[in-house]
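# Residue-level structure breakdown
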Amino acid sequence: KINCLLNENENDNFFIKFNNKINLIKGDLRNTDTINNFIYTSKKGLLIHTAGVIHPKKVKDFYDVNLIGTSSLVEDAIKKNIHKIIVISSNSPIGCNPNNKHFFTEKSRYNPYMNYGKSKEMMEKFLLKKIRNGIDITILRPPWFYGENMPDRQNLFYKMVVSGRFPIIGNGKNLRSLANVKNICQAILLSSIMKISKGKIYWIADDNNYTMVEILETIKSVYKDKFNIQPRKNFIRIPYFFGQLFELLDYLIQKSGFYSQKIHVLSELNKNIACDISLAKKELNYSPKISLYEGTFQAIEKSNIKILL
């Protein structure tokens, strides 16, 4: 029996193919009645909590959804004897690596990047208190995710890369970890059955880390090899310090209570955000099967974004 809580504003076409095998509940994580209704139908089950807000209009939404919404959901789940809780966090509570030789591990200290990172840090600390009380919770930290059924912002990203309009800030050698959605799903399933996962945090990502240039060139290769589309060779080159200016601007905008997705994304483009997945491999037998090349192909094919230049 699968119960799924879906945001009331989300398109539910994806679920049609399951022919009512999934009990779909629409609502808002900020609404206690929604949470009660969802958890009531899921007593003694497994809770996989993937909901969260990444790019809202207002800073307040980070805390209302990622912290308060999660806290309410978990508290209710504990009362209804949910036997296992898996929560998706992020790389943002730990921030950015000091250089491209450094990788985050589960021992890395909190150093949140902006309000999204702060909201996830506070969420994790709430969960850690529950863990210390004996509640079976596992926290997974995937970084930049991609793959099938991706959001519109990822489609726009691919289009900008292929059309030669995507900016490289600095030399493009900053390192990034990515996580294909299928690899994340593997980690979720393993966490649900491996007893050792109780009370643990795991970094979850693809097998390899990539420089920004390698990521962009892989996307271009997929379009060229798989879809016979010749990407434009150029990128928009921007000096490194512009990334720092975008970071300052991002900070000032968020300080005023608002949020700009484009400015925030630009502020991260010169940053190193890379992790080490050794612990997940050792304890969960996590073995990411989808590479960046294959995952990019699947994402584009399923999304049907065959760009004509």
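Before any of the text, the structure's been laid out above.
Numbering of residues starts from 1 in every chain and runs along the sequence as written. pLDDT decides what is reported in this predicted model: residues at 70 or higher carry local features, side-chain atom pairs at 80 or more are listed and counted, and totals for whole chains, interfaces and linings draw on all residues regardless. To obtain the side-chain values, all non-hydrogen atoms of the structure were used and water was disregarded.

## Thoughts on the pattern of salt bridges
Side chains bearing opposite charge may pair, as long as their charged atoms lie close to each other. Between Lys or Arg on one side and Asp or Glu on the other, a salt bridge is scored when a side-chain nitrogen of the former is within 4 Å of a carboxyl oxygen of the latter. Taken as a whole and assessed by the stated rule, the structure comprises 14 salt bridges. When the shortest N-O distance is used, the salt bridge between Lys80 and Asp76 registers 3.4 Å. Note that Glu124 is salt-bridged to Arg141, the shortest N-O span being 2.8 Å. With Glu124 in helix α3 (residues 114-132) and Arg141 in strand β5 (residues 137-141), the pair connects residues that are 17 residues apart, well separated along the chain. A relative accessible area of 0% means that Glu124 is categorised as buried. Exposure classes here rest on a 1.4 Å probe applied to the protein chains alone. A residue is buried below 20% of its type maximum, exposed above 50%, and partly exposed in between. On the basis of relative accessible area, Arg141 is assigned to the buried category, the value being 2%. Here a helix means four or more residues in a row that DSSP labels H or I, a strand means two or more in a row labelled E, and each is numbered from the N terminus.

## Let's talk about the packing of helix α6 (residues 212-227) against helix α10 (residues 292-303)
For helices, the fitted axis covers only the stretch in contact; all axes are lines through C-alpha atoms, and the angles between them, taken along N-to-C directions, range from 0 to 180 degrees. At their nearest, the axes of α6 and α10 sit 9 Å apart, and the two run at 60 degrees to each other. Considering their axes alone, α6 and α10 lie oblique with respect to each other. Every pair of crossing elements has a handedness; the one defined by α6 and α10 is right-handed. Contact with α6, carried on its side by Ile215, Thr218, Ile219, Ser221, Val222, Tyr223, Asp225, Lys226 and Phe227, involves Leu292, Tyr293, Thr296, Phe297, Ile300 and Glu301 of α10 and no other residues of that element. By residue class, the composition of the contact of α6 with α10 is 9 nonpolar, 3 polar and 3 charged. For classification purposes, angles smaller than 35 degrees are called roughly parallel, those larger than 145 roughly antiparallel, those between 65 and 115 roughly perpendicular, and all remaining angles oblique. Handedness of a crossing follows from how the near helix is turned relative to the far one, being left-handed for an anticlockwise turn of less than a right angle and right-handed for a clockwise one. The contact rule is simple, with two residues in contact once any of their heavy atoms fall within 4.5 Å. Residue polarity is assigned by list, with Asp, Glu, Lys and Arg as charged and Ala, Val, Leu, Ile, Met, Phe, Trp, Tyr, Cys and Pro as nonpolar; anything else, Gly included, falls into the polar class.

## Digging into the packing of aromatic side chains
Between two aromatic rings, the relevant description is the distance of the centres plus the angle of the planes. Here is the rule: rings of Phe, Tyr and Trp (six-membered ring for Trp) pair when centre to centre is within 6.5 Å. Planes less than 30 degrees apart are stacked, more than 60 are edge-to-face, and the remainder are tilted. By the definition in use, this model includes 11 aromatic pairs. Summarising the aromatic geometry, the rings of Phe157 and Tyr158 are spaced 5.6 Å apart at their centres and angled 35 degrees between planes, so their arrangement reads as tilted. The residues Phe157 and Tyr158 share a single accessibility class, namely buried. Through a chain of ring-to-ring contacts, the aromatic side chains of Trp144, Phe157, Tyr158 and Phe166 assemble into a single cluster. Over the face of the ring belonging to Phe235 we find Lys220, whose NZ or CZ atom lies 3.8 Å from the ring centre. Only lysine NZ and arginine CZ atoms are considered, and such an atom sits over a ring when it is within 6 Å of the ring centre and within 35 degrees of the ring normal. Over the aromatic face of Phe297 sits the side chain of Lys226, whose NZ or CZ is 5.2 Å from the ring centroid.

## Quick look at the pairing of strand β3 (residues 46-49)
In β3, alternate side chains face the same way, and those of Leu47 and His49 are buried while those of Leu46 and Ile48 on the opposite face are not. Strand direction decides the pairing type here: β3 and strand β4 (residues 84-88), joined by 4 bridges, are parallel. Along β4, the bridge assignment pairs Leu47 with Ile85. Crossovers are marked right-handed if the path from the first strand over the helix to the second runs clockwise, as seen with the strands pointing away from the viewer. In this view, the connection linking β3 to its parallel neighbour β4 by way of helix α2 (residues 60-79) has right-handed handedness. One bridge is not enough; two strands pair if DSSP finds at least two bridges between them.

## A word on the packing of helix α7 (residues 241-255) against helix α8 (residues 261-268)
α8 packs onto α7 with a crossing angle of 140 degrees between their chain directions and a minimal axis gap of 7 Å. Judged on the interaxial angle alone, α8 and α7 are oblique. The handedness of the crossing between α7 and α8 comes out as left-handed. Between α7 and α8, the contacting residues are Gly243, Phe246, Glu247, Leu249, Asp250, Ile253 and Gln254 on the first element and Ile263, His264, Leu266 and Ser267 on the second. The class makeup of the residues in the contact of α7 with α8 is 5 nonpolar, 4 polar and 2 charged.

## Things to note about the side chain of Thr218
Along the chain, Thr218 falls in helix α6. Its relative accessible area of 16% is what places Thr218 among the buried residues. A distance of 2.7 Å separates a polar side-chain atom of Thr218 from the backbone oxygen of Glu214. Aside from chain neighbours lying at most four places away, what touches Thr218 is Leu292 and Tyr293. Between N or O atoms, a polar contact is any pair within 3.5 Å; within protein, one atom must be a potential hydrogen donor and the other a potential acceptor, and residues adjacent in sequence are included only when both atoms are from side chains.

## What to know about the nonpolar core
If you look at the biggest cluster of nonpolar residues, it comprises 30 residues, and the most contacted ones within it are Phe157, Tyr158, Phe166, Ile215, Leu216, Ile219 and Tyr223. Those elements giving two or more residues to this core turn out to be β6 (144-146), α4 (152-162), β7 (167-169), α6, α8 and α10. The greatest single-element share of this core, amounting to 7 residues, is contributed by α6. One finds Ile25, Ile39, Ala77 and Val87 within the second-largest nonpolar core, a separate group that totals 26 residues. Grouping buried Ala, Val, Leu, Ile, Met, Phe, Trp, Tyr and Cys residues that are joined through side-chain atoms within 4.5 Å yields what is termed a nonpolar core.

## Here we look at the environment of Gln261
In this fold, Gln261 is placed in helix α8. With relative accessibility at 32%, the residue Gln261 sits in the partly exposed group. Sequence separation between Gln261 and Lys57 is 204 residues, and the spatial gap between their C-alpha atoms is 8.4 Å. Setting aside anything within four residues of it in sequence, one finds Gln261 in contact with His55 and Arg153.

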